[in-house]
Amino acid sequence: MVFRLMGTILRQPVSHLLKFAMCSMPCEVNPRFVLLYGSQKGQAQSIAEGLAEEAEEHGLVAELSCLEHKEKYNLEKENAPVVFIVSTTGDGEPPDNALQFVKCIKKKTLPTDHYKHLSYALLALGDTNYANFCNCGKIIERRLQELGAKQFYATGYADDGVGLEVVLDPWLDGLWKAIKSALSKMASDRTGYLNAEAVDSTKGTPDSSSPDVQLNLLSITDCQNCDSVGGSVETVSKSASAASAPATQTAVSDHRPDASAGSPGLASQSHGAASVTTSAPETQTKDAGVPCVILASSLKCSLPPLSESSLNVPALPPSYLDVSLQEVDTTEEQIIGPFNKETLHEVPIPRAVQLTRGDSVKTALFLELDISAYPMMTYQPGDSFDVFCPNRATEVEDMLHRLGLYDQRNHRVDIYLCKDTKKKGAQVPPYIPKNISLLYVLTWCLEIRSIPKKAFLRALVEHTGDNVQRRRLQELCSKQGTADYNLYVRDPSLSVLELLTAFPSCSPPLSLLIEHLPKLQPRPYSAASSCLMYPGKLHFVFNVVELPACSGRPAGRRGLCTGWLFDLINPVLLFPGKDESSGRMALPKIHVSLRPNCSFRPPSDLSVPFIMVGPGTGVAPFIGFLQQREKERLENPGATFGETWLFFGCRHRDHDFLFREELEGFVSSGTLSHLKVCFSRDDQLEEEGNDSAARCRYVQHNLRLSSQHVTDILLKQKGCLYVCGDAKNMAKDVNETLIEMIRTELQVDQLEAMKRLAGLREEKRYLQDIWG
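This report concerns the structure included in the present document. Note that the structure is a prediction, hence the values are computed from the model and not measured.

Conventions and cut-offs
Residues numbered from 1 in each chain as written. Predicted model: local features only at pLDDT ≥ 70, side-chain atom pairs only at ≥ 80, totals over all residues. Heavy atoms only, no water. Helix = DSSP H or I, 4+ residues; strand = E, 2+ residues; numbered from the N terminus. Buried < 20%, exposed > 50% of the residue type's maximum accessible area, 1.4 Å probe, protein only. Contact = heavy atoms within 4.5 Å. Areas by Shrake-Rupley, 256 points an atom, 1.4 Å probe, with all protein chains shown as cover. Pairing = 2+ DSSP bridges. Axes fitted to C-alpha atoms, helices over the stretch in contact; angles between N-to-C directions. Parallel < 35°, antiparallel > 145°, perpendicular 65-115°, else oblique. Left-handed = near helix turned anticlockwise from the far one by under 90°. Nonpolar A, V, L, I, M, F, W, Y, C, P; charged D, E, K, R; others polar. Polar contact = N/O pair within 3.5 Å; in protein donor to acceptor, adjacent residues only side chain to side chain. Phe/Tyr/Trp six-rings, centres within 6.5 Å; stacked < 30°, edge-to-face > 60°. Lys NZ or Arg CZ within 6 Å of the ring centre and 35° of its normal.

### Notes on the overall build of the protein chain
Per the secondary structure count, the protein chain includes 24 helices and 28 strands. For the protein chain, buried positions account for 49% of its 772 residues. Within the protein chain, contacts between residues at least 6 apart in sequence are counted, and of these 78% link residues at least 24 apart. By element, 52% of the accessible surface of the protein chain is carried by carbon and sulfur atoms, the whole surface being about 37300 Å².

Okay, here's the thing in structure tokens:
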């Protein structure tokens, strides 16, 4: 009998044998895998937590940990599959909570077989608008392979520049089969009765639903990649639509106004995602009964084929917070300003000047902070600092009204974990202090301007009463609706409040907002001064951000922090050509904290030449560089100083030439060796500082004209290059121009030129301070 049973076992597929083995061992519940994340702003963490929650539906157990919590995992002895989800921050740096892990695995003393037992998969998050795309993920993967680890699933490179979902969604779809295959292989390696043929057949079985191999190179760099991925998703959606056709017919006929918002008849769960079978009607009827044909899509409505498609939407995120409001004694002292004020510096703004003139497209402001009350608050040129700003008062009030909680705005917010929550690693948000009012939470704790993620849209569906609005929210969070989500939500930076305004039948509870809205982050700004030149002062410059009207935003609005600063300093704002007011007014104050940047600083060796590229407000840190250099020249008259070059550009000489007088003064004093300027909207053919009559619209054009000098400084004189400003266009164009310059001057091919430039980055001689 035993032999007959063993013969039966040996003839079974590996997947059946794995199930048999698990059933035969009572100590085993579900197969496990390790899920590790490194996250700077919560994106990678959110994806990892979603995976951990979904794992149970696939019969798996995810052991979720942050990379910095080394006590919770042990890769040296791990025999289960390991999945890494990591983002990249700064100039290709690891997130703060992954920094120690990266340092640890980069130790040169580790043997090459240190991780030979390890089987891993990796998802890297990045943004192609910035240099060193997905660099943290690439570093971890390269080092794991050098230490002997084996990859069980192709790496995904998700690009926030075009939308993470383009790579993220199909990568996650294929992950579950890959994990199970890895577990099967590991089980076969550990058991002596699984024959090799069964293992080989399992490994070679194609799976059309898992586009994992194709995803290995999906570090999106152009629109064609996006189209190809979209096509593969479209194919899946069509099969899903065909399979669910009978259910579709039932759902279409059910558009009752009183239909339950959470009716299970509208969706069916499959592998952690709901295949929604409703389809919105092609026409809508007004109150008068006159059919209204939709001629164009918008945030609120779609057009075929999306409006008629079956949808694959994310699994419903489990709720995990219990929130209540308690009336309190109104005489109690209310907290004003950011909660962690003991770690911040409250500083006055004695001077504010508008730098742009006339009808300039952008409004650039110069602010001087008085930091003399904090003698320990020292900074270096190139450093930046954080400004802590609140959410706009009118938007907070609108949100309170929208939630129906305006009358309870001064009630105390009590937040607890739900006892029966299924969310892995659930915790009360640490950035929301205890014993504070609802008004304070919405003003200082939550980013109510944040762009709602798809998981949040999915959760909102359950709290939306109108069927048409529910359907549209389902579309926006679905795979099939990714293009609409990017067009109407992500690209225009639509806020949660604007989304809720567009869907009036959606009434989410306060707990849902606290679960899904991220922490209100401070905004970083570069110092535009030197302590040597202005002791006790800190200068900075910024453009007032203007967000235009769009489908979900009837009127344009200003950026959160720049708009708040503009309103704050407006009473004391000085304009070009106007004398400073002699009247005494109360100086506005803001909370700031320094964030030193140890790399983006002028060379410590005064003889090293350096080149600065900073159009627009990107010139700000270089004003500090040059102020410092001017003081150093005065204090060291006998020293040898390297050449300094500045490439500056703006739209119009007369309207946007920031710090013109100061820069021309640096040239006159010899502090700045070469000032190359260009004006993209002026008609003159020859700009000052150019030796050619060729038209130079942008900084990269002037760089090319000075190609020989620039490459000589960088490659022969071991000089440094600093670039500050816009990441999406300028920084990319400058980088491409530098490659072309090196290729031409050295007479090498494109690849070799790219290697030379990459070498400058590695030597910290090509540095960027850029923003999107």
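### Let's talk about the sheet that holds strand β13 (residues 345-348)
With respect to topology, 4 strands assemble into an open sheet ordered β13-β23-β16-β18, the strand pairing being antiparallel. Of all the strands in the sheet, just β13 and β18 (523-526) have a single pairing partner and so form its edges. The mean angle between the axes of side-by-side strands here comes to 45°, regardless of whether they run parallel or antiparallel. Here strand β16 (residues 384-388) runs beside strand β23 (residues 589-595); their pairing, made up of 5 bridges, is antiparallel. Bridging across to β23, Asp-386 finds its partner in Ser-593. This element, helix α17 (residues 560-569), spans β16, β18 and β23 of the sheet and lies at about 70° to β18.

### Here's the deal with unusual backbone geometry
Cis rather than trans, the peptide bond between Pro-304 and Pro-305 has omega equal to 5°. Inspection of the secondary structure assignment puts Pro-305 in the loop between β10 (291-293) and β11 (311-313). With a phi angle near 55°, Ser-493 is a residue other than glycine that sits in the positive phi range. By the element assignment, Ser-493 lies in the loop between α14 (482-490) and α15 (496-502). Classification of Ser-493 as partly exposed rests on a relative accessible area of 25%.

### As for the sheet that holds strand β24 (residues 610-613)
Taking strand neighbours across the sheet as the criterion, the 5 strands line up as β26-β25-β24-β27-β28 in an open arrangement whose pairing is parallel. Strand pairing shows two members of the sheet lacking a second neighbour, β26 (674-679) and β28 (766-771), which therefore form its edges. Averaged over neighbouring strand pairs, the angle between their axes works out to 10° when direction is ignored. Taken together, the 4 bridges between β24 and strand β25 (residues 644-650) define a ladder with parallel strand orientation. By the bridge assignment for β25, Val-613 is matched with Phe-647. Packing against the sheet, helix α18 (residues 620-635) makes contact with β24, β25 and β27 (720-726), and its axis sits at approximately 150° to β24. Helix α23 (residues 727-746) rests against β24, β27 and β28 of the sheet, and its axis sits at about 150° to β27.

### Description of the packing of helix α12 (residues 454-461) against helix α13 (residues 467-477)
It is at 9 Å that the axes of α12 and α13 come closest, and there the two elements cross at 160°. When the interaxial angle is binned, α12 and α13 end up roughly antiparallel. Taken as a pair, α12 and α13 cross one another with a handedness that is left-handed. Taking contact as the criterion, the partners of Lys-454, Leu-457, Arg-458, Leu-460 and Val-461 in α12 are, on α13, Arg-470, Leu-473, Gln-474, Leu-476 and Cys-477. Each residue belonging to the contact of α12 with α13 can be placed in one class, and the counts come to 6 nonpolar, 1 polar and 3 charged.

### A closer look at the environment of Ser-319
Tracing the backbone through its elements, the reader meets Ser-319 in the loop between β11 and β12 (321-326). The sequence separation of Ser-319 and Leu-417 amounts to 98 residues, and the corresponding C-alpha distance is 9.4 Å. Beyond its immediate chain neighbours, meaning those up to four positions away, Ser-319 contacts Thr-421 and Glu-515.

### Let's talk about the environment of Cys-678
Looking at the element boundaries, Cys-678 is found in strand β26. Separated by 63 residues in sequence, Cys-678 and Pro-615 have C-alpha atoms that sit 9.0 Å apart.

### Looking at the packing of helix α22 (residues 707-716) against α23
For the pair α22 and α23, the least separation of the axes is 10 Å and the interaxial angle reads 90°. It follows that α22 is roughly perpendicular to α23 by the angle criterion. Where α22 approaches α23, its residues Ser-707, Gln-708, Val-710, Thr-711 and Leu-715 are matched on the opposing element by Met-741, Ile-742, Glu-745 and Leu-746. Split by residue class, the contact of α22 with α23 holds 5 nonpolar, 3 polar and 1 charged.

### A short note on the side chain of Ser-526
Relative to the helices and strands, Ser-526 resides in strand β18. Side-chain polar atoms of Ser-526 contact the side chain of Asp-769, separated by 2.9 Å. Residues within four places of Ser-526 in sequence aside, it is in contact with Asp-383, Ser-384, Phe-385, His-539, Phe-540, Pro-621 and Asp-769.

### A short note on the packing of aromatic side chains
Counted under the stated rule, the structure contains 19 aromatic pairs. Measuring from centroid to centroid gives 6.5 Å for Phe-385 and Tyr-525, while their planes differ by 40°, and the two rings are tilted. With Phe-385 in strand β16 and Tyr-525 in strand β18, this residue pair connects regions lying 140 residues apart in the sequence. The same class applies to Phe-385 and to Tyr-525, which are both buried. Geometrically, the ring pair formed by Phe-385 and Phe-540 is edge-to-face, given 5.0 Å between the ring centres and 80° between the ring planes. A residue pair is termed long-range when its members are at least 10 positions apart, and Phe-385 in strand β16 and Phe-540 in strand β19 (residues 537-543) qualify at 155 residues. The class of Phe-385 is buried, set by a relative accessible area of 0%. Looking at Phe-540, the relative accessible area reads 0%, which means it is buried. In textbook terms, an aromatic cluster arises when at least three aromatic residues are bridged by ring pairs, as seen for Phe-600, Phe-610, Phe-622, Phe-625 and Tyr-722. Note that Lys-423 overlies the ring of Tyr-320, its terminal NZ or CZ placed 5.1 Å from the centroid.

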